[in-house]
Amino acid sequence: MRITIIGHGYVGLVTACVFADFGNEITVIGHTKEKIDRLKQGDPIIYEPGLKELLEKNLKAKRLNFVLDYSSVKTSEIVFIAVGTPPKNNGEADLSTVFTVAKKIGQNLSNKKNHFTVVSCKSTVPVGTNKIIEKILKENAPQDAEFSVASCPEFLREGTAIYDTLNPDRVVIGSESNKANEILLKLHQPINTKKVVTDLTSAELIKYVSNAMLATKISFANLISFYAEKVGADVEAVLDAVGLDQRIGRIFMNPGIGYGGSCLPKDVMALIDVGKKLGIDTGFLEEIEKINLLTRKNFLKKVVNNTNGKNLAIWGLAFKPYTDDIRFAPSIFIIENLLKKGYKIDVYDPAAMENIKKIFDKKLTYHNNLYQCIIGKEALLILTEWNEFKQVDLNKVRKLLKKPVIFDGRNIYNPQLMKNFGFNYYSIGRPVV
Ligand code: UGA
């Protein structure tokens, strides 16, 4: 199939590489020449495990093309919109790029007889957006152009984006057109999973509800960690036992310093914004956000109340492991607040250093080695659960630190083990040892 994808971020580029790998002919449209040139050379720009290899393989096979102009829209069966929808200050999703792109797609749609184009939005957009996209397409398309809009939301996670695209729990296709549904079903045929075909608006809502439910599970786990800390229980033991009830489950209920990234925070905010506009009481969703912030504040309080000196080390800056992404990362909030309180901070992250430098520049000291980062420091803070932190030489860590104090925002160590190694170990929702 011939497919055009607008946007080459996590969703756009991963979708492009995976569908090219299935044998389709993909054109990716960007708007920065420098980035398009890098992509053509096999540089994915973003860090995502396996992406570079898949990009290089499909460039070599000439199934992937990166361009700046929209002419490929004319010959494509499917056009995916995969551009960013960042939150505005009021939580509303900023759809300006989606609408600009929709206009350009409309202007480039084919009006050749028997050519049908599906225009499908992969960007996460508030309920009702696809109808607006349809209107923009109609206003700009040549007469007689045959097309239909469809929603085909993405459920991939950063860090496991390729695996998730190949092995999703479900594929959701929503459109008012049977022809569009059939074309999208054909495209997803090699993916062996349940296909949910529904109407346009339901498909849009499914995406927001999925992310809001995930955020709910995390905030619920964090709320329980507040209880556990007050009563001296172990939140992990509590959630392990609770999660054995199959109606509840344990997955995605890890307490910590809260959810970050470009999706969960933005989508909860956008769902609140849409709900308010619809006159729905959004108190429940607002509480999820409130707990997400509270869990960071509690962590910060723990650090401030239990350190004397002002020199700290931080391991882990990315919003989660296996990504260099720091958008809405809890680390940013924690670092900003510690700097305000006069702390000096040394940092290490296996992937996100360059991105964090863009925000904090000379305000932090950067290390390429996790042990060097902690030499002579008052305490070590762990903010991302990278695997390489899990089996470090704890004797060495204790000797290098000025004081044997660790604040673990992701519960990666066993408290009893830490006690045996001689640490003062503060984690989330577990008794201090
Ligand atoms: C999320 C969803 O998981 C994907 O299904 C969805 O496709 C994607 O958003 C999107 O809308 O594009 P992602 O943001 O990549 O994916 O990351 P997650 O794995 O969901 O993690 C989000 C945040 O929650 C991270 O900061 C992580 O540390 C935190 N988290 C996750 C917890 O604090 N506890 C958990 O139990 C799980």
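Structure: above.
What counts, and at which threshold
- Going along each chain's sequence as written, the residues are numbered from 1 onward.
- Under the rules for a predicted model, residues below a pLDDT of 70 receive no local features and side-chain atom pairs below 80 are neither given nor counted, while totals for whole chains, interfaces and linings still include all residues.
- Computation of side-chain values: all heavy atoms of the structure, hydrogens and water removed.
- Axis geometry follows a simple rule: fit a line to the C-alpha atoms, using only the stretch in contact for helices, then measure angles between N-to-C directions, giving values from 0 to 180 degrees.
- Secondary structure elements are defined from DSSP: runs of H or I of at least 4 residues count as helices, runs of E of at least 2 residues count as strands, and each element is numbered from the N terminus.
- With respect to orientation, any angle under 35 degrees is reported as roughly parallel, any angle over 145 as roughly antiparallel, any angle of 65 to 115 as roughly perpendicular, and every other angle as oblique.
- What makes a crossing left-handed is the near helix being turned counterclockwise from the far one by less than a right angle; a clockwise turn instead makes it right-handed.
- By definition in these notes, contact holds between two residues if any of their heavy atoms fall within 4.5 Å.
- For this classification, the nonpolar set comprises Ala, Val, Leu, Ile, Met, Phe, Trp, Tyr, Cys and Pro, the charged set comprises Asp, Glu, Lys and Arg, and every other residue, Gly included, is treated as polar.
- Here, any two strands with at least 2 DSSP bridges between them count as paired.
- The cut-offs for exposure are 20% and 50% of the maximum accessible area for each residue type, with area from a 1.4 Å probe on protein chains only; residues under the lower value are buried, those over the upper are exposed, and the others partly exposed.
- As used here, the arc is the angular range of directions from the helix axis to the C-beta atoms.

(A) The packing of helix α8 (residues 200-231) against helix α9 (residues 235-243), seen in detail. Packing of α8 against α9 brings their axes to within 9 Å, and their N-to-C directions diverge by 130°. With respect to each other, α8 and α9 are oriented oblique. The interaxial crossing formed by α8 with α9 has right-handed handedness. Of the residues in α9, those touching α8 at A221, I224, S225 and A228 are V235, V238 and L239. The class makeup of the residues in the contact of α8 with α9 is six nonpolar, one polar and no charged.

(B) Main features of the sheet that holds strand β2 (residues 25-29). Taken in spatial order, the eight strands make up an open sheet running β3-β2-β1-β4-β5-β6-β7-β8, and their pairing is mixed. A single partner strand is all that each edge strand has here, and the edge strands are β3 (64-67) and β8 (194-198). Averaged over all pairs of adjacent strands, the angle between their axes in this sheet comes to 25°, without regard to strand direction. The sheet contact formed by strand β6 (residues 146-151) and strand β7 (residues 170-175) spans two bridges and is antiparallel. Looking at β7, one finds that S151 is bridged to G174. With respect to the sheet, helix α7 (residues 178-187) is in contact with β1 (2-6), β4 (78-81), β5 (116-121), β6, β7 and β8, its orientation differing from that of β5 by roughly 75°.

(C) Molecular detail of helix α13 (residues 353-360). Among all positions in α13, only M353, N355, I356 and F360 are buried. Down the axis of α13, the smallest arc covering the buried residues is 160°, so these residues share one side. What points out from α13, more than 90 degrees from its buried face, is the exposed set E354 and K358. For α13, the secondary structure elements touched by its buried residues are α12 (330-340), β10 (344-348) and β11 (365-366).

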